[in-house]
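Observations on chain architecture
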Number of protein chains: 2
Amino acid sequence: MEHRAMNVLLVYAHPESRSLNGSLKDFAIQRLERAGHTVRVSDLYAMNWKATLDADDNTARQPGARFDPSMDSRQAFENGTQSTDIAREQDKLRWADGVILQFPLWWFSMPAILKGWIERVYAYGFAYGVGEHSDTHWGDRYGEGMLAGKRAMLVVTAGGWASHYEPRGINGPIDDILFPIQHGILFYPGFDVLPSHVIYRTSRIDEAGFSKACDALGQRLDDLWTADPVPFRRQNAGDYLIPELTLKPGLAPGRSGFDIHVERD
Amino acid sequence: MEHRAMNVLLVYAHPESRSLNGSLKDFAIQRLERAGHTVRVSDLYAMNWKATLDADDNTARQPGARFDPSMDSRQAFENGTQSTDIAREQDKLRWADGVILQFPLWWFSMPAILKGWIERVYAYGFAYGVGEHSDTHWGDRYGEGMLAGKRAMLVVTAGGWASHYEPRGINGPIDDILFPIQHGILFYPGFDVLPSHVIYRTSRIDEAGFSKACDALGQRLDDLWTADPVPFRRQNAGDYLIPELTLKPGLAPGRSGFDIHVERD
């Protein structure tokens, strides 16, 4: 197996370093560094990351002008007038070969502070609004984009039981709960997205459980560069009608839902 | 049709009042008030709402103590030491007969500022961690809870085309994208949840389009008290195995996914 030194950005969103999440984060850094990789961490709580996207994110805007989140983001990105905290995170993403988002599942999604990282760092021209629109190509997205060629993986802790997140579990299947992140946030700007790594029932983890959790996470980190990404369908590779962007009738015929956007052999 | 005066809480999350969202918010307030209802608005951006859940949300915590988001929330809620902004929003929820969450769909979910409102206002003992656990009852949740008897509805704007959110659209079906909110955030603490109201392709709305959007929204607001809620299955009403919380094999046999948690006649 090829062994290259890679750059890994770990974006971490938990308010307490003396937590299971904090311990897993430290473990992950160590595991990756011991494998020869370079790790940078965006510890959003420690950085006091500004969660709320607003007009101040463009340092050069006209006072009193109507604020348009997309158009302001575009202008600031193009003109280099983004808030420096945003530009710094974009530089980390450019630098990274692999990106890990680690967070506790709060109300079936990522914590607000991480959602706000996505909203602010994912500028127009950087993570969306990229590429041309034509009869055969609807922007560089869903498999193409500025983050193409990089890998991404979610590391998620959940307080609930694994069975609650099974295909027939009351919370809904975990892959469906995470689909808007895996597909809509990671695949959208081009990442190769690995299956998410989820740790359940985290309030009950003892020392043996922690050791097991580290083993499982460690394996995923060891396999970061070799594991098969989720085979999401590429938007502009012929599977979708353009501009409707519905899956062509001959593919997954008669079916609907998130799963049809994963190509099964 | 019965006509009672109701209390409506509108939680609104858009940074620019001179936006389509701002105009729709103003329209909704007017429509509800003209129907005789009392409306209170939590305009999260205007309130400079603190999006990030952290240790400061409990005003009486031990300095230096390890922060546990759930246990701190529980303690603060029980002891009345929550941050006042949190307690104030909980009071509004207690007061309300109906709650509307209005927001633009950003990266396939609610804006961070609204997610942070949920995380902070949904305290342990208020929106989760309520009720007993036994062989037949697994907490007051998914159909029971402190917010039972109230109605909730999402009003969502999306930049993309409606077809992109259809059952076979590339973004995934809108009902699946919103399921973690509809079911996991609204039904969970007891709300009767109405079908969400989604307005598409909002960047292209002209005056005629706006008038049409108001008509459609107005109809939904007129029907707020009479429309049928989404018939989500109640957790403790016999449909689920306890404590596995998987749907019993005889129900929706052979199927899985979000949709099995909606009871179809």
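Above this text you will find the structure in question.
Residues numbered from 1 in each chain as written. Chains lettered and ligands numbered in written order. Predicted model: local features only at pLDDT ≥ 70, side-chain atom pairs only at ≥ 80, totals over all residues. Heavy atoms only, no water.

So, about the overall build of chain A. If you tally the helices and strands in chain A, you get seven helices and six strands. Expressed as lengths along the three principal axes of its C-alpha atoms, the size of chain A is roughly 55 × 50 × 40 Å. Taking all 265 residues of chain A together, the buried fraction comes to 58%. By sequence separation, contacts in chain A at least 24 residues apart represent 76% of the contacts at least 6 residues apart. Accessible area of chain A: about 11,100 Å², with a carbon and sulfur share of 47%. Counting 28 positive and 35 negative side-chain charges, chain A places the averaged centre of each group 2 Å from the other. (Helix = DSSP H or I, 4+ residues; strand = E, 2+ residues; numbered from the N terminus. Buried < 20%, exposed > 50% of the residue type's maximum accessible area, 1.4 Å probe, protein only. Contact = heavy atoms within 4.5 Å. Areas by Shrake-Rupley, 256 points an atom, 1.4 Å probe, with all protein chains shown as cover. Lys, Arg positive; Asp, Glu negative; His and termini not counted. Charge placed at Lys NZ, Arg CZ, Asp CG, Glu CD.)

What follows is about the relation of the copies chain B and chain A. Mapping chain B onto chain A calls for a screw motion: a turn of 180° about the axis and a shift of 0.0 Å along it, with 0.0 Å RMSD after fitting. The superposition operator between the copies reduces to a two-fold rotation axis. Looking at the rotation axis and the C-alpha trace of chain B, the residue lying nearest is Ala-112 of chain B, at 2.3 Å. Looking at chain B, 100% of its interface residues are interface residues in chain A too, so the copies touch through the same face. (Least-squares fit on C-alpha atoms with pLDDT ≥ 70 in both.)

Before going further, it helps to examine helix α1 (residues 20-34) of chain B. Residue and element names in this part refer to chain B. Taking 1.5 Å per residue as the helical rise, α1 with its 15 residues ought to reach 21 Å, and the 21 Å between its terminal C-alpha atoms agrees with that figure. For α1, the complete set of buried residues consists of Leu-20, Asn-21, Gly-22, Leu-24, Lys-25, Phe-27, Ala-28, Ile-29 and Leu-32. Of the surrounding secondary structure, the elements contacted by the buried residues of α1 are β1 (7-12), β2 (38-43), β3 (98-104), β4 (151-157), β6 (197-199) and α6 (207-222). Directly after α1, the chain includes Gly-36, whose backbone phi takes a positive value near 95°. (Expected span 1.5 Å × (residues − 1).)

Moving on: the pairing of β1 of chain B. Residue and element names in this part refer to chain B. Counting buried positions over the six residues of β1 gives six, a clear majority of the element. The alternating pattern of β1 places Asn-7, Leu-9 and Val-11 on one face and Val-8, Leu-10 and Tyr-12 on the opposite face, and all of these are buried. Pairing of β1 with β2, which is carried by six bridges, proceeds in the parallel orientation. The residue bridging Val-11 from the neighbouring strand is Ser-42, located in β2. Running through α1, the crossover from β1 to the neighbouring parallel element β2 is right-handed. (Pairing = 2+ DSSP bridges. Right-handed = clockwise from strand over helix to strand, strands pointing away.)

Among the nonpolar cores identified, the biggest contains 124 residues, and Leu-101, Phe-103 and Trp-117 of chain A together with Leu-101, Phe-103 and Trp-117 of chain B are the most heavily contacted of them. Apart from residues lying up to four places away in sequence, Phe-103 of chain A is in contact with Ala-13, Asn-21, Ser-109, Met-110, Pro-111, Leu-114, Leu-154, Val-155, Val-156, Thr-157 and Ile-181 of chain A. (Core = buried A, V, L, I, M, F, W, Y, C linked by side-chain atoms within 4.5 Å.)

With that settled, the discussion passes to the pairing of β3 of chain B. Residue and element names in this part refer to chain B. By the criterion of burial, β3 is predominantly enclosed, with seven of the seven residues buried. Of the two faces of β3, both are covered, the one formed by Gly-98, Ile-100, Gln-102 and Pro-104 as well as the one formed by Val-99, Leu-101 and Phe-103. In terms of strand pairing, β3 meets β4 through seven bridges, oriented parallel. Residue pairing across strands places Phe-103 opposite Val-156, the latter belonging to β4. For the handedness criterion, the β-α-β arrangement of β3, helix α4 (residues 112-121) and β4 is classed as right-handed.

What follows deals with the interface of chain B and chain A. Between chain B and chain A, the contact holds 71 residues from the first and 71 residues from the second. Roughly 5,200 Å² of surface becomes buried between chain B and chain A when both sides are summed, with 62% attributable to carbon and sulfur atoms. For the chain B face of the interface with chain A, the top three residues by lost area are Trp-107, Arg-168 and Ile-170 of chain B, together amounting to 21%. Applying the counting rule to chain B against chain A returns zero salt bridges. Where chain B packs against chain A, one counts 38 residue pairs in polar contact (both at pLDDT 80 or more). When residues of the side of chain B that touches chain A are traced back to their parent elements, those giving at least two are α4 and α5 (174-187) of chain B. The element that contributes the greatest number of residues to the side of chain B that touches chain A is α5 of chain B, accounting for seven residues. When grouped by side-chain class, the residues that make up the side of chain B that touches chain A number 39 nonpolar, 19 polar and 13 charged. (Buried area = accessible area lost by both parts, 1.4 Å probe. Salt bridge = Lys/Arg side-chain N within 4 Å of Asp/Glu carboxyl O. Polar contact = N/O pair within 3.5 Å; in protein donor to acceptor, adjacent residues only side chain to side chain. Nonpolar A, V, L, I, M, F, W, Y, C, P; charged D, E, K, R; others polar.)

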